[in-house]
Amino acid sequence: MRRIISVLLENEPGALSRVVGLFSQRNYNIETLTVAPTEDESLSRLTVTTSGSDKVIEQITKQLNKLIEVVKLVDLTEGAHIERELMLVKVKATGSQRAEITRTVDIFRGQVVDVNSSVYTVQVTGNSDKLDAFIRSVSEGSVLEVVRSGVSGIARGEKVLSL
Amino acid sequence: MELLSGADMITRFLKDEGVENIYGYPGGAALHIYDALFRQDHVKHILVRHEQAAVHMADGYARATGKAGVVLVTSGPGATNTITGIATAFTDSIPMVVLCGQVPSVLIGEDAFQETDMMGVSRPVVKHNMAIRHPSEIPDVLKKAFYIAQSGRPGPVVVDIPKDMTAPNERFEYVYPKKVKLRSYAPPVRGHSGQIRKAVDMLMSAKRPIIYAGGGVIIGGASKLLTELVDRLNYPVTQTLMGLGCYPGTAKRSVGMLGMHGTYEANEAMHHSDLVLAVGARFDDRVTNATDKFCPGARIIHIDIDPANISKTVGVDVPIVGPVDSVLTDMLALVEESEIEIDQAALDAWWKKIEGWRTVHGGRYEPSTQDSIKPQHVIETLHKVTKGDAFVTSDVGQHQMYAAQYYKFDKPNRWINSGGLGTMGFGLPAAMGIKLNFPEAEVVCVTGEGSIQMNIQELSTCNQYNLPLKVLLLNNEALGMVKQWQDMNYESRHSYSYMDSLPDFTKLVESYGHVGMTVNKLDELESTLEKAFAMKDRLVFINVYVDPKEHVYPMQIARGSMNDMWLSKTERT
Ligand SMILES: Cc1ncc(C[n+]2csc(CCOP(=O)(O)OP(=O)(O)O)c2C)c(N)n1
Ligand SMILES: [Mg+2]
């Protein structure tokens, strides 16, 4: 099952490589990974999406917790949460395609962020399924380049992951 | 306020931390530190002949005392040579601090001479590693290193020290930090009382209980408490390879080692039990055999300080995360209070069954003859000559298993072997680390002619520092354990498992300044060992030729249950 694990990490050199190293050493899989400092600059927030049996997920969270630089973590998928991913897509846009793409972008509440005579660059945000759906709905062969940020997530309501 | 250079801070910190001996090998990036060592006389440095041996020496000391061993090496090859030793300590949860020189910080990343990314190379085999980024950090980083290495589930910590951090002409304030604060690291201090209560109820109402005790009992300093619990309940106890000695091996309630080369009775008792109390053990594959067939009728209680060990390989019913000594103390108190009466009739019947199992194999082996000495017999003779009271280190192979099976350890911290990683070359340097710190004790390294040659150069270190330990070589002229597997699984195709062109060990050890003895005949065995152990002030290397065809039994049958075993070359369960 797909999980979103959110980690509060000491913002130290080498801390990220320990997390990534753990996944490869123990044969866990990483689907997406995002990391950036938080409002407290001594801390980074790392979000990893992964999948595996309950037993594997339990090991992943326990092994992550054992890393000295991991301050706290939460499996967001255990509760109500919001997940977002940002995608930049370059699509071929000439002639009648231009209007069709603009319509699709509107449906997905995306934005065209750069334009020239033959190419649109589109920004779409949402959960990963929505981004997948956008790519599927742009006619085949017209996608030139896709950049995805990986998933970020946060719990709904009062629950916070902090010190 | 005191101003010290980074290098002087290191030696001063070691003194303040109470470190007496460190083990190492110098080189460019570590030379400021070596100069600081030269200018003080509190910390003694032992110069090995290969960095791997320095780590095993520190490891032997740590296993015998529970305190972190300390290693000092230079960058690049000095650092990479420690990796096998660090991995050995990591796998067995041994506290250790490894100080590695590094090229000056301005050169890092430029492929400088003797630059290796030691942080990266060591990452998967350390509990933690840290790099010094400013000389003033040295006391705090070192304090953290010792704290992390020795607390919680212990393990090795590497500290990477760029050369400019130890420059002699830059001085900074030194204060010995008495405490450490780490917001992201808080090892458990007590077990959950509700879980402990539940566990005690289960323990008291069991009909076929067994206590499965691992290395965590010894590392956690809980051998006495475990012994108390076992004796109070009159339950059988089995020990892992790492746990030998945590309960007296010669006592009735011990059914011996379990697992791949465990006793028949330990493996049967595990398989037929209705309750397993695992203490400081990790359900390793060399213990469980096929996990889906593991102890089918048993409910399992698991005490461990590392939550990641819980239900990692085998699912457990009642996990208790906490230090073994504290949890066992709580359990003992609850056992006294418990209103549940142990079903004595069921327990008697269980013991009767176990007594029956004891007679099935009973550690039997074909007797030695004048010209064919059995390796098991050598270990039994060693036990007799040393009165069962020696520190016994071993290498890896058949000799290791014979030592584990036939030297009945009555005390913890006496059996010193690389259980988890199985590192050939461990035995001699580990014995050196122990002999150095316990000069009065009898220390013997049981080895094979394959393993001993992996760190034989350390006989020179033994000479330099006068370490009169004993080496007992079970010479089967083969990589015996490999050969045994080839006999059993590859129709005796002995692919590269023989030991050709062996040195004349007596001449070899004599050239290192020690005494060599050889045993070929059975009637020389005991008298030679007596003679060797009587030479208190000399290192004696005893080369005993043993039956090269012997196999280690019992041996679990792969992918079977705990009690699927070969009992000899021809009998199986
Ligand atoms: C460093 C290392 N390399 C390889 C092995 C694999 N191995 C396990 S036992 C063994 C044979 C050891 O031979 P010896 O030391 O003579 O012991 P014996 O089994 O003959 O008693 C080998 C090669 C190992 N454990 N460690
Ligand atoms: Mg051999």
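Keep in mind that this is a model prediction, so the values were computed, not measured. (Residues numbered from 1 in each chain as written. Chains lettered and ligands numbered in written order. Predicted model: local features only at pLDDT ≥ 70, side-chain atom pairs only at ≥ 80, totals over all residues. Heavy atoms only, no water.)

A. Geometry of the overall build of chain B. Across its full length, chain B carries 21 helices and 22 strands. A compact globule built from 573 residues would reach a C-alpha radius of gyration of about 25 Å, and chain B, at 24 Å, matches this within 12%. C-alpha atoms of chain B, sized along the principal axes, occupy 75 × 60 × 40 Å. Counting only residues that meet the buried cut, chain B has 60% of its 573 residues in that class. Here chain B has roughly 22200 Å² of accessible surface; of this, 51% comes from carbon and sulfur atoms. (Helix = DSSP H or I, 4+ residues; strand = E, 2+ residues; numbered from the N terminus. Rg over C-alpha atoms; globule rule 2.2 N^0.38 Å. Buried < 20%, exposed > 50% of the residue type's maximum accessible area, 1.4 Å probe, protein only. Areas by Shrake-Rupley, 256 points an atom, 1.4 Å probe, with all protein chains shown as cover.)

B. A look at the overall build of chain A. The number of helices and strands found in chain A is four helices and nine strands. Here the C-alpha coordinates of chain A stretch approximately 55 × 35 × 30 Å along the principal axes. Looking at chain A as a whole, 41% of its 163 residues are labelled buried. Here the contacts in chain A between residues at least 6 apart in sequence split such that 73% fall between residues at least 24 apart. Accessible surface, chain A as shown: approximately 8600 Å² in total, 50% of it carbon and sulfur. Seen as two clouds, the 20 positive and the 21 negative side-chain charges of chain A have centres 4 Å apart. (Contact = heavy atoms within 4.5 Å. Lys, Arg positive; Asp, Glu negative; His and termini not counted. Charge placed at Lys NZ, Arg CZ, Asp CG, Glu CD.)

C. Main features of the confidence of the model for chain B. With 100% of its residues at a pLDDT of 70 or more, chain B shows a mean pLDDT of 97. Both confidence scores are given for the complex: pTM 0.97, ipTM 0.94. (pLDDT = per-residue confidence, 0-100.)

D. Broad picture of the site of ligand 1. All names here are of chain B. Around ligand 1 lies a shell of 17 residues, among which Gln398, Gly422, Ser451, Asn476 and Gly480 are the nearest. Here a nitrogen atom of ligand 1 and a backbone polar atom of Met424 are 3.4 Å apart. Within the contact set of ligand 1, an oxygen atom lies 2.7 Å away from a side-chain nitrogen or oxygen of Ser451. Coverage of ligand 1 by the protein amounts to 76% of the 580 Å² it exposes when considered alone. With three residues, the single largest contributor to the shell around ligand 1 is helix α19 (residues 480–489). The residue inventory of the shell around ligand 1, partitioned by class, reads seven nonpolar, nine polar and one charged. (Near = heavy atom within 4 Å. Polar contact = N/O pair within 3.5 Å; in protein donor to acceptor, adjacent residues only side chain to side chain. Nonpolar A, V, L, I, M, F, W, Y, C, P; charged D, E, K, R; others polar.)

E. Spatial organisation of helix α5 (residues 83–91) of chain B. What α5(B) keeps buried is the set Ile83(B), Gly85(B), Ile86(B), Ala87(B), Thr88(B) and Ala89(B). In this structure, the buried residues of α5(B) make contact with α3 (51–65), α4 (77–80), β5 (96–102), α6 (118–122) and β7 (156–162) of chain B.

F. Examining the interface of chain B and chain A more closely. Counting from both sides, the interface comprises 19 residues of chain B and, opposite them, 20 residues of chain A. When the two sides are added together, the surface that chain B and chain A hide from each other amounts to roughly 1600 Å², 47% of it contributed by carbon and sulfur. The largest per-residue losses of area from chain B upon contact with chain A belong to Arg123(B), Arg183(B) and Ser184(B), which jointly make up 38% of the total buried on that side. Put simply, chain B and chain A have three salt bridges between them. The shortest N-O distance in the salt bridge between Lys66(A) and Asp306(B) comes to 2.6 Å. Counting across the interface, chain B meets chain A through twelve residue pairs in polar contact (both at pLDDT 80 or more). (Buried area = accessible area lost by both parts, 1.4 Å probe. Salt bridge = Lys/Arg side-chain N within 4 Å of Asp/Glu carboxyl O.)

G. A nonpolar patch on the surface, seen in detail. All names here are of chain A. Judged by side-chain polarity, Leu16, Val20, Ile30, Leu33 and Val35 come together as a nonpolar surface patch covering roughly 320 Å² of accessible area. Locating Leu33 in the fold gives a position in strand β2 (residues 32–37). The partly exposed category is assigned to Leu33, whose relative accessible area is 31%. (Patch = residues over 30% accessible without salt bridge, like charges linked within 9 Å, V, L, I, M, F, W, Y side chains within 5 Å.)

H. Examining the coordination of the magnesium ion (ligand 2) more closely. Residue and element names in this part refer to chain B. Glu449 (OE), Glu449 (OE), Asn476 (OD1) and Ala478 (O) make up the full set of protein donors to the magnesium ion (ligand 2), lying at 2.1 to 2.6 Å. Here the donor residues for the magnesium ion (ligand 2) map to a single chain with the spacing E-x26-N-x1-A. Highlighted residues: Glu449 in the loop between β17 (443–447) and α18 (459–464) and Ala478 in the loop between β18 (470–475) and α19, separated in sequence by 29 residues. Residue Ala478 is classed as buried on the basis of its relative accessible area of 6%. (Donors = N, O, S within 2.8 Å, 3.2 Å for Na, K, Ca; no water.)

I. Up close: the pattern of salt bridges. Residue and element names in this part refer to chain B. Evaluation of the coordinates by the stated rule reveals 34 salt bridges over all chains. The shortest N-O distance in the salt bridge between Asp389 and Lys411 comes to 2.8 Å. Here Lys411 lies in the loop between α16 (398–406) and β16 (415–416) and Asp389 lies in the loop between α15 (375–385) and β15 (391–394), a separation of 22 residues in the sequence.

J. Local environment of the sheet that holds β17(B). Residue and element names in this part refer to chain B. Judged by pairing direction, the sheet is parallel, and its six strands sit side by side in the order β16-β15-β17-β18-β20-β19 without closing on themselves. Each edge of the sheet is formed by a strand with only one pairing partner; in this case those strands are β16 and β19 (515–519). With two bridges connecting them, β15 and β16 associate as parallel partners. Residue pairing across strands places Val392 opposite Trp415, the latter belonging to β16. Against the sheet, α15 makes contact with β17, β18 and β20 (540–545), and its axis sits at roughly 160 degrees relative to β18, the strand it touches most. (Pairing = 2+ DSSP bridges. Axes fitted to C-alpha atoms, helices over the stretch in contact; angles between N-to-C directions.)

K. Geometry of the sheet that holds strand β10 (residues 237–239) of chain B. Residue and element names in this part refer to chain B. Spatially, the six strands line up as an open sheet ordered β11-β10-β9-β12-β13-β14, and their pairing is parallel. The open sheet has two edge strands, β11 (254–257) and β14 (318–321), and neither has a second partner. Across this sheet, the average inter-strand angle for adjacent strands is 15 degrees, counted without regard to direction. This element, helix α10 (residues 223–233), spans β9 (209–213), β10 and β12 (275–279) of the sheet and lies at about 170 degrees to β9.

L. Just the environment of Ile342(B), in detail. With respect to the helices and strands, the residue Ile342(B) is situated in the loop between α13 (324–337) and α14 (344–360). In sequence terms Ile342(B) and Leu203(B) are 139 residues apart; their C-alpha atoms lie 8.7 Å from each other.

M. Fine view of the confidence of the model for chain A. Overall, the predicted model of chain A reaches an average pLDDT of 96, with 100% of residues at or above 70. When mean pLDDT is compared element by element in chain A, strand β7 (residues 119–126) of chain A scores highest at 98, while helix α3 (residues 96–107) of chain A scores lowest at 94.

N. Molecular detail of the nonpolar core. All names here are of chain B. Ranked by size, the top nonpolar core spans 64 residues in total, and within it Leu226 and Met331 carry the most contacts. Here the element with the most residues in this core is α13; it accounts for seven residues. Here Leu226 is in contact with Ile211, Ala213, Val217, Val237, Cys246, Tyr247, Val279 and Leu328, once residues within four sequence places are set aside. (Core = buried A, V, L, I, M, F, W, Y, C linked by side-chain atoms within 4.5 Å.)

O. Structural view of helix α21 (residues 522–534) of chain B. Within the span of α21(B), buried status applies to Leu525(B), Thr528(B), Leu529(B), Ala532(B) and Phe533(B). Residues of α21(B) that are buried in the fold lie against α15, β17, β18, β19 and β20 of chain B.

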